[in-house]
Amino acid sequence: MSASSKLCQSACKAARSLLSSASAPRSSVLADGRNAALATLTNLGRSKLPAAYSYHKAGGAAAASSTHGYQWLAAVPAAAYMLQDQEAHAAEMERTFIAIKPDGVQRGLISEIVSRFERKGFKLVAIKLVVPSKEFAQKHYHDLKERPFFSGLCDFLSSGPVLAMVWEGEGVIKYGRKLIGATDPQKSEPGTIRGDLAVVVGRNIIHGSDGPETAKDEIALWFQPKELVSYTSNEEKWVYGVN
């Protein structure tokens, strides 16, 4: 591993420690982040610096002249600032609940459905195969309890294994619904999951949250917080242009 790689790796570890430390105020760490990031890039031999960072000649010259003594000090808050950028990007990501119903599981459509979300560029952050009880199904469909088909709907959802998932991405709630298609497969466009793979409304193979609040509630119902994974996918820079 090169010296610069070791430096950045160590800086990121130290920055994470600073950001999670109660004794190191987050605001004070990030306040100097922009200038420190610039200094670090200079020390690492970058000839072209981001225009978004303000550069003060005195501070920049001092940092550039001390490639040994001040490199570590510059790297820590710089890494903290870059981590903050990553956190801000992650905050823009939506999460939605998607479930492959018993008919979709029994028909062997799991890989087909998962691959469509993956090919779009969405990120899988939670998944499990469960057989929900009827009582659990009633909680899931609580907003439909006054409908005449409520009991049958709950019976069906609890009739076999369900693949519960949480997907993450920009616009994943709204576009996830488009990817799934209309509730009635006969009204779903070709190219959608239901339009291509289902025939009747009673066996429409998949469920997706219809809005931010619904997504939040359904994720909380089906998953414990510890079952949700936060990570950076290697594909994100190619999907969103984050370099």
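Residues numbered from 1 in each chain as written. Predicted model: local features only at pLDDT ≥ 70, side-chain atom pairs only at ≥ 80, totals over all residues. Heavy atoms only, no water.

The subject of this paragraph is unusual backbone geometry. Look at Ile-205: it is not a glycine, yet its phi comes out positive at around 65°. Tracing the backbone shows Ile-205 in the loop between α11 (193–197) and β4 (206–208). (Helix = DSSP H or I, 4+ residues; strand = E, 2+ residues; numbered from the N terminus.)

The next thing to look at is the nonpolar core. Judged by nonpolar contacts, the single largest core of 21 residues is most densely connected at Ile-113, Phe-117, Trp-167, Ile-193, Ile-205 and Ile-206. Elements with a contribution of two residues or more to this core: β1 (94–100), α7 (110–120), β3 (162–169), α10 (172–180) and α11. Of the residues forming this core, the biggest block, 4 residues, is contributed by α10. What Ile-205 contacts, discounting residues up to four positions off in sequence, is Ala-99, Ile-100, Lys-101, Asp-103, Gly-104, Arg-107, Leu-109, Ile-113, Ile-193, Leu-197 and Ala-198. Judged by nonpolar contacts, the second largest core, of 16 residues, contains Ala-99, Leu-144, Cys-154 and Ala-164. (Core = buried A, V, L, I, M, F, W, Y, C linked by side-chain atoms within 4.5 Å. Buried < 20%, exposed > 50% of the residue type's maximum accessible area, 1.4 Å probe, protein only. Contact = heavy atoms within 4.5 Å.)

Inspection of the entire model under this criterion finds 7 salt bridges. What you see here is one network of salt bridges that share partners, running through Arg-95, Lys-123, Glu-168 and Glu-236. (Salt bridge = Lys/Arg side-chain N within 4 Å of Asp/Glu carboxyl O.)

On to the UniProt feature "binding site: ATP" (unreviewed entry) in the chain. Feature annotation in UniProt places "binding site: ATP" (unreviewed entry) on Lys-101, Phe-149, Arg-177, Thr-183, Arg-194 and Asn-204, given in this structure's numbering. Relative to the helices and strands, Lys-101 resides in the loop between β1 and α6 (102–106). Beyond its immediate chain neighbours, meaning those up to four positions away, Lys-101 contacts Tyr-141, Phe-156, Leu-157, Pro-161, Arg-194, Asn-204, Ile-205, Ile-206 and His-207. Mapped onto the fold, Phe-149 is located in the loop between α8 (134–140) and α9 (150–157). (UniProt positions renumbered as here; feature names shortened; annotations may be inferred.)

What follows covers the sheet that holds β1. Taken together, the 4 strands give an open sheet; going across it, the order is β2-β3-β1-β4, and neighbouring strands pair in antiparallel fashion. Whereas interior strands pair on both sides, the edge strands pair on one side only; in this sheet they are β2 (123–130) and β4. Neighbouring strand axes in the sheet, compared pairwise and without regard to direction, differ in orientation by 15° on average. As judged from the 3 bridges shared by β1 and β4, these two strands associate in the antiparallel manner. Considered in β4, the bridge of Ile-98 is made with Gly-208. Strands in contact with α7 are β1, β3 and β4; relative to β3, the strand with the most contacts, it is inclined by about 10°. (Pairing = 2+ DSSP bridges. Axes fitted to C-alpha atoms, helices over the stretch in contact; angles between N-to-C directions.)

Looking now at the packing of aromatic side chains. Per the counting criterion, the structure on display carries 5 aromatic pairs. Arranged with centres 5.2 Å apart and planes meeting at 25°, the rings of Phe-117 and Trp-167 form a pair that is stacked. Of this pair, Phe-117 sits in helix α7 while Trp-167 sits in strand β3, and the two are 50 residues apart along the sequence. Residues Phe-117 and Trp-167 agree in their burial class; the two are buried. (Phe/Tyr/Trp six-rings, centres within 6.5 Å; stacked < 30°, edge-to-face > 60°.)

What follows is about the environment of Ile-193. Relative to the helices and strands, Ile-193 resides in helix α11. Its relative accessible area of 0% is what places Ile-193 among the buried residues. Put simply, Ile-193 and Asn-204 are 11 residues apart on the chain and 9.0 Å apart in space, counted from C-alpha to C-alpha.

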